Amino acid sequence: MFIRSERLFLRPAWPEDWAELHAIIDDEAIVRNLARAPWPYGPEDARWFASQPQDLRHPHFFVTLPGAHGSRLIGCAGLAPAEQGGVELGYWIARSHWGRGYATEAARAVLNVARAIGHDRIEASHFIDNPASGQVLLKAGFRPTGEWRPRYSASRRTVCTSVMFETLLSPAGNGDGDGNDSGGQSEEVMRAA
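Residues numbered from 1 in each chain as written. Predicted model: local features only at pLDDT ≥ 70, side-chain atom pairs only at ≥ 80, totals over all residues. Heavy atoms only, no water.

Caption draft 1: Region of the structure containing the overall build of the chain. Counting its secondary structure elements, the chain contains five helices and nine strands. Along the chain, helices (α) and strands (β) appear in the sequence β-β-α-α-α-β-β-β-α-β-α-β-β-β when read from the amino end. Summarising the internal contacts of the chain: among those between residues at least 6 apart in sequence, 64% fall at separations of at least 24. Surface accessibility of the chain: about 9600 Å² in total, with carbon and sulfur atoms responsible for 53%. (Helix = DSSP H or I, 4+ residues; strand = E, 2+ residues; numbered from the N terminus. Contact = heavy atoms within 4.5 Å. Areas by Shrake-Rupley, 256 points an atom, 1.4 Å probe, with all protein chains shown as cover.)

What follows is the structure, encoded as structure tokens:
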């Protein structure tokens, strides 16, 4: 499955992507805000992640930035089973691309996929010391649930407090503007043949 948004191209990971992945995620400022990624993040971690098969109900994508010389990997976004049931959105963007709206754009694109495959509620969270991620979630159409949960951070090797968010998705293709609004961005979901 591939997704084209206004500025980004989201695609599956391929095993040969591991070195490019490692080059941009080997940054403690990124990894410390991810629940499942270890720190230090070694080449073997990148090889493992890049080789993971897609789950049709919980797809994950490399976020790339197309340009004159091809697409550069700038992050990841995807869906995963939530710890307490349901489905959660996760994402990260390389530090050199922070502050440009790419995380919000990628999150909206993944939410369109979630809607298309039949999910009606998506949750997300951020560690309490990462409020910038909360701003991304708000811009992507999430709302705070008012709940804070303990969540283990593999990189910090401890339990941290997470602020919980959710979004309710309207049925795919209804065109009524209810539910998650992609901010007027034209996005297409294309399935690989």
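Caption draft 2: Spatial organisation of the confidence of the model for the chain. Residues with a pLDDT of 70 or more make up 89% of the chain, whose mean pLDDT is 90. Across residues 174-193, where pLDDT falls below 50, the model places 42 contacts with residues more than four positions away in sequence or in other chains. (pLDDT = per-residue confidence, 0-100.)

Caption draft 3: Molecular detail of the nonpolar core. With 33 residues, the main nonpolar core has Leu8, Leu10, Val63, Leu79, Leu89, Ile122 and Phe142 as its most contacted residues. Per-element tally for this core: the top contributor is helix H4 (residues 102-116), with nine residues. Leaving out residues up to four positions away in the same chain, Leu79 has contacts with Arg57, His58, Pro59, Val87, Glu88, Leu89, Val110, Ala114, Ile117, His119 and Ile122. The next biggest cluster of nonpolar side chains, apart from the first, holds 16 residues, and it includes Leu21, Ala37, Trp39 and Phe62. (Core = buried A, V, L, I, M, F, W, Y, C linked by side-chain atoms within 4.5 Å. Buried < 20%, exposed > 50% of the residue type's maximum accessible area, 1.4 Å probe, protein only.)

Caption draft 4: View of the pairing of strand S5 (residues 87-93). Most of S5 is tucked away: six of the seven residues are buried. Summarising the sheet, strand S4 (residues 70-81) and S5 pair through seven bridges and their orientation is antiparallel. Bridge pairing in S5 links Leu79 to Leu89. The hairpin formed by S4 and S5 contains five residues between the paired strands, and Gly85 there has a positive phi angle of roughly 90°. (Pairing = 2+ DSSP bridges.)

Caption draft 5: Summary view of the environment of Ser155. Counting through the fold element by element, Ser155 comes out in the loop between strand S7 (143-153) and strand S8 (158-168). Once the C-alpha coordinates of Ser155 and Tyr41 are considered, the two residues, 114 residues apart in sequence, prove to be 8.4 Å apart. Beyond its immediate sequence surroundings of up to four residues, Ser155 is in contact with Val31, Arg32, Leu34, Ala37, Pro38 and Trp39.

Caption draft 6: Spotlight on unusual backbone geometry. Note the cis peptide between Trp39 and Pro40, where omega equals 0°. Tracing the backbone through its elements, the reader meets Pro40 in the loop between helix H2 (28-31) and helix H3 (43-50). Of note, the phi angle at Arg157 is positive, near 60°, even though the residue is not glycine. The exposed category is assigned to Arg157, whose relative accessible area is 56%.

Caption draft 7: Examining H3 more closely. The set of residues buried in H3 consists of Asp45, Ala46 and Ala50. Seen along its axis, H3 keeps its buried residues to an arc of 125°; they face one direction. Exposed side of H3, more than 90 degrees from the buried face: Glu44 and Trp48 are the residues found there. Its buried side turned inward, H3 meets helix H1 (18-25). (Arc of directions from axis to C-beta.)

Caption draft 8: The pattern of salt bridges, seen in detail. For the structure shown, the criterion picks out 13 salt bridges. It is possible to trace a salt-bridge network through shared partners that takes in Arg121, Glu123, Arg143, Glu147, Arg149 and Glu166. (Salt bridge = Lys/Arg side-chain N within 4 Å of Asp/Glu carboxyl O.)

Caption draft 9: Representation of helix H5 (residues 131-139) within the structure. Here H5 has its buried residues at Ser133, Gly134, Val136 and Leu137. Across the axial projection of H5, the buried residues extend over an arc of 155°, all falling on one side. Every exposed residue of H5 that faces more than 90 degrees away from the buried side is listed here: Pro131, Ala132 and Lys139. Lining the buried residues of H5 we find S5, H4, strand S6 (121-127) and S8. Immediately beyond the C-terminal end of H5, within one or two residues, lies Gly141, with a positive phi of roughly 105°.

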